[in-house]
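Here's the letter readout for the chains.
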Amino acid sequence: MALWGGRFKGQPSLQFKKFNDSLPVDYRMAVQDIVGSIAWAGAIHSVGIINQQELTQLTSALNELKASVIENPQQILGSDAEDIHSWVELALIEKTGDLGKKLHTGRSRNDQVATDLKLWCKETGGELLFALVTLQQALMNLAEREKDTVLPGYTHLQRAQPITFGHWCLAYVEMFNRDIGRLKDAIYRLDVSPLGSGALAGTAYAIDRNQLAHNLGFRTATLNSLDAVSDRDHVIELLATASISMMHLSRFAEDLIFYNSGEAGFVEMSDLVSSGSSLMPQKKNPDACELIRGKAGRVFGSLTGMLTTMKALALAYNKDMQEDKEGLFDALDTWQECMEMAVLVADGLKVNRSRTLAAAQQGYANATELADYLVSKDIPFREAHHIVGEVVLGAIDKGVPLEDLTLGQLQSYSEKIGQDVYQHLSIESTLDKREALGGTSRGQVKQALATVQSGEREILNENVVGAPGKQQTQVALKQVKQRLDAQKAAAMSVRRARMSDIDSIASLVDYWAQRGEILPRSRDNIIHAVQNFVVAEVEGEVVGCASLYIYQTGLAEIRSLVIAESAHKQGQGQALVQYLLGFAHQIELQKIIVLTYIPDYFKPLGFKVIDKASLAANIIEDSEQSPHKDPDDEIAMEYMVDSGDKLSSTTQVN
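Predicted, not measured: the structure shown is a model, and the values here were computed from it.

Thresholds applied
- Residues numbered from 1 in each chain as written.
- Predicted model: local features only at pLDDT ≥ 70, side-chain atom pairs only at ≥ 80, totals over all residues.
- Heavy atoms only, no water.
- Phe/Tyr/Trp six-rings, centres within 6.5 Å; stacked < 30°, edge-to-face > 60°.
- Helix = DSSP H or I, 4+ residues; strand = E, 2+ residues; numbered from the N terminus.
- Buried < 20%, exposed > 50% of the residue type's maximum accessible area, 1.4 Å probe, protein only.
- Lys NZ or Arg CZ within 6 Å of the ring centre and 35° of its normal.
- Patch = residues over 30% accessible without salt bridge, like charges linked within 9 Å, V, L, I, M, F, W, Y side chains within 5 Å.
- Areas by Shrake-Rupley, 256 points an atom, 1.4 Å probe, with all protein chains shown as cover.
- Salt bridge = Lys/Arg side-chain N within 4 Å of Asp/Glu carboxyl O.
- Pairing = 2+ DSSP bridges.
- Axes fitted to C-alpha atoms, helices over the stretch in contact; angles between N-to-C directions.
- Contact = heavy atoms within 4.5 Å.
- Expected span 1.5 Å × (residues − 1).
- Polar contact = N/O pair within 3.5 Å; in protein donor to acceptor, adjacent residues only side chain to side chain.

Visitor: For the packing of aromatic side chains, give the residues involved together with the corresponding values.
Guide: This structure, assessed with the given rule, holds 15 aromatic pairs. Taking 5.4 Å as the distance between ring centres and 85° as the angle between the ring planes, the aromatic pair formed by Tyr 154 and Phe 258 counts as edge-to-face. In this pair, Tyr 154 sits in strand β1 (residues 150-155) while Phe 258 sits in helix α10 (residues 233-260), placing the two residues 104 residues apart along the sequence. In this structure Tyr 154 comes out as partly exposed when scored by relative accessible area, which is 24%. Joined through ring pairs, the aromatic side chains of Tyr 154, Phe 165, Trp 168, Tyr 172, Phe 252, Phe 258, Tyr 259 and Phe 266 make up one cluster. A cation sits over an aromatic face here: Arg 515 above Tyr 511, 3.5 Å from the ring centre.

Visitor: I'd like a rundown of a nonpolar patch on the surface, residues and numbers included.
Guide: A surface patch of nonpolar side chains, amounting to about 280 Å² of accessible area, comprises Leu 200, Leu 226 and Leu 315. Its place among the elements puts Leu 200 in the loop between β3 (192-193) and α8 (209-215). Overall, Leu 200 belongs to the partly exposed group, its relative accessible area being 42%.

Visitor: Outline the pattern of salt bridges, supporting the account with residue identities and numerical values.
Guide: Per the stated rule, a full pass over the model turns up 29 salt bridges. Its salt-bridge partner being Glu 82, residue Arg 109 comes within 3.4 Å of it at the nearest N-O pair. With a gap of 27 residues between them, Arg 109 in helix α6 (residues 109-145) and Glu 82 in the loop between α4 (52-71) and α5 (84-96) connect regions that are remote in the sequence. Accessibility expressed as a relative area gives 23% for Arg 109, which makes it partly exposed.

Visitor: Just give me the short version of the sheet that holds strand β7 (residues 494-496), but keep the residues and values in it.
Guide: Taken in spatial order, the 7 strands line up as β7-β8-β9-β10-β11-β13-β12 in an open sheet, and their pairing is mixed. Sheet topology places β7 and β12 (608-610) at the edges, where each strand pairs with a single neighbour. If you compare each strand with its neighbour and ignore which way they point, the axes differ by 30° on average. The sheet contacts of helix α21 (residues 502-514) involve β8 (533-538), β9 (541-552) and β10 (555-563), and relative to β9 the element is tilted by about 80°. Sheet strands in contact with helix α23 (residues 572-586) are β7, β8, β9, β10, β11 (591-596) and β13 (635-640), and its direction is about 160° off that of β10.

Visitor: An account of α6 is requested, with residue identities and associated values reported.
Guide: Since the α-helix turns once every 3.6 residues, residues separated by three or four places project in the same direction. A rise of 1.5 Å per residue sets the reference length of α6, with its 37 residues, at 54 Å; its end C-alpha atoms lie 53 Å apart and thus fit the reference within 8%. Within α6, 31 of the 37 residues are buried, which leaves it mostly tucked inside the rest of the structure. Its side-chain oxygen placed 2.9 Å from the backbone nitrogen of Asn 110, Ser 108 serves as the N-cap of α6.

Written out as C-alpha cells, the structure reads:
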C-alpha cells in the first residue's frame, strides 16, 4: 500500500514499482527513521496534535519496532513497501491502528529522508573515525618495530636518499591524520537537523526545531527549508573524504606491492593477506594490497556519480536524489573494509632488513652528503653539485660505491676533499644528519612517534561535535576492534568445532592436562560439549582449541584454551579467544571470565583482573584446582561484552 494513493485512480505498474522503490537500499536507515519518528512524536505532542497517552503509546510501539529491527534487520526486505519511511509507518499503523496515521502530521518524506541520512552519516562517520585511528595505530606499531631499519627512499621510482622504514610508515600516518581532520570537519558540517522543514516550505506547526534538533543529538537545526530538504553536500563531502583516504590507501598498497616484489624483496606479506596461483605453486600474491588499490576506483566512481547527479539539479527535492544512498553506502563500506584490511597487512608485515640496507647502500644515495660536505668546505652548492656528478660518473665506471673510492681518487675531482669525508658518506651519518623537524633521523622518528601517539589519545578522548560522545566513543572503538579481531580469527582458520574434530581436541586437552596446565576433560565430556568448542587449523590440521562454558544468561567462561607446541607464538591462541569474544557479542552475553595462571596473556585482549572471591560459589566449585599449581597463583579476569544494540544509533532522544 502506497502512502500517496489518494490522488491516483489506478495502480502503478510492477515495472515502475520495482524501478521506483528504494527499500532494498534505504532499509539500512531503519533505526534512524524510527529514532526520528520518536522525536517527531514528541514534537507534535508539544503543539497539541497528540495527547500524552497517545505519545506514550506511539513511543512504546516505535521502541518495540526498533528492538525488532535491531534483532533482525533483514525482515524489512520481505515487505513490498516503497521505502523505509513507508515500512516504518505501515508497521506502526499495524501496531497502533489509526493512531499511527497521526504521526506524519506536519512532516514530509523529504525532511524525513534528509534527517535519516544525516543521522546515519553521523553514526557511520564515528565508526570510520575509529577505523582511521586504528589504522594509524597499526602503522605506528610497525614504525616502532622498524624505526631503525634502513630503507632506500625513492623519487621517480629511482633510489634517492636513505630513510628509515619507520619514517616511511609515519608518512602514511600523516596522510591518515589529514583524513581524520577532513572526516571530523565533514561530521561537524552535517550535524544540523532538517526535521521540521516539511516538503520544502517548512512545517505549518509551531514546533521548536532547535529543541527537536537537540533531542535528536544534532548541534542545531537548519536555517532554510529549501536547502534543508535538497542538501546533499554532506554525502559529497563524505565521498570526497573517502576518495582522498582511498587514494592514500592505494599509494600505501602500491608501495608494499613494489617492496614485496621479487626484484625488491624488501618485505614479505603475511599468509593471512596473500593468495597463491592455481597454476604456479611458487607464487605468493599480495592480493589484499592489489584489491585495496583496485577498490579505490570504486569509491572514486561513487563520488563522481553523486557530483553528476546533483549537477544543475533544480531546488528543492527531486527523485534524482534517491540515488544518493546506494553509492554512499557502498563507498563507506568499501573504505572501512579497506582500512581494516590494511591493518591486517601492517600487523603481519615482515621486513627483510639486510635487503633494505643493501639496497640503500647502492645507487649512490649518499651523493647529496658528498655535495653537502663540499659546501662545508666553502664550495657553492651548484659547483659542488657538478663536482659530485662527475664523481658519481667515475664511481659508475669503476663499479664501486662512493665510499669505496680512495682519497686520491676523490681528490682528483676536488683538492678540498680530505680524509674526514668518509665519515660523511656512511648510511648512519646520512640518516643522523636529518635532525630537522620532520626528518628521517632516528631521533626525529622517535619524536614523531610520541607526538602522534599523543594526538591519537586526544582524538579518542575528545567529544567530537557530530560524533558520539566519549562514552559512546569507547564503545564504538571496542566494537571496531572486535570486528577487526574477528577478521583476524577468520583469516587464521578459526572455526566452530565439528564431530570430526573430537580426536584432535581430546588429544590436545589430554596433552596439556597431563602437564598440569589445564583441567582434564573426558572424551565423553568433549563430545557432549563440542558445540561450545572452536578450533584453529593450520594446513587442515587442528592445532588449537578453546571452549565457551555458559553459566547463566549473560555470563560465560573460556575453558580448555590450548595450542599444540608446534604452533606456539603464531597467534592462534589469541585468534581463538577473539573468535569466542566475537561469538559472545553475537549472542549478547554480557561478561566473559577466565581463571588463569598467565594473566599477562589475556590483558592485551581486553581482560581485567578481578577479585576471585567476587565470583559465584558454583563457578569456583566448577573450576577444580590443578594439582600441579598453587591455588593462590590462579587469577580471575573478566571481559565486558558490549550488547549489540548499544551502537545501533548514536542518537539519543530526550
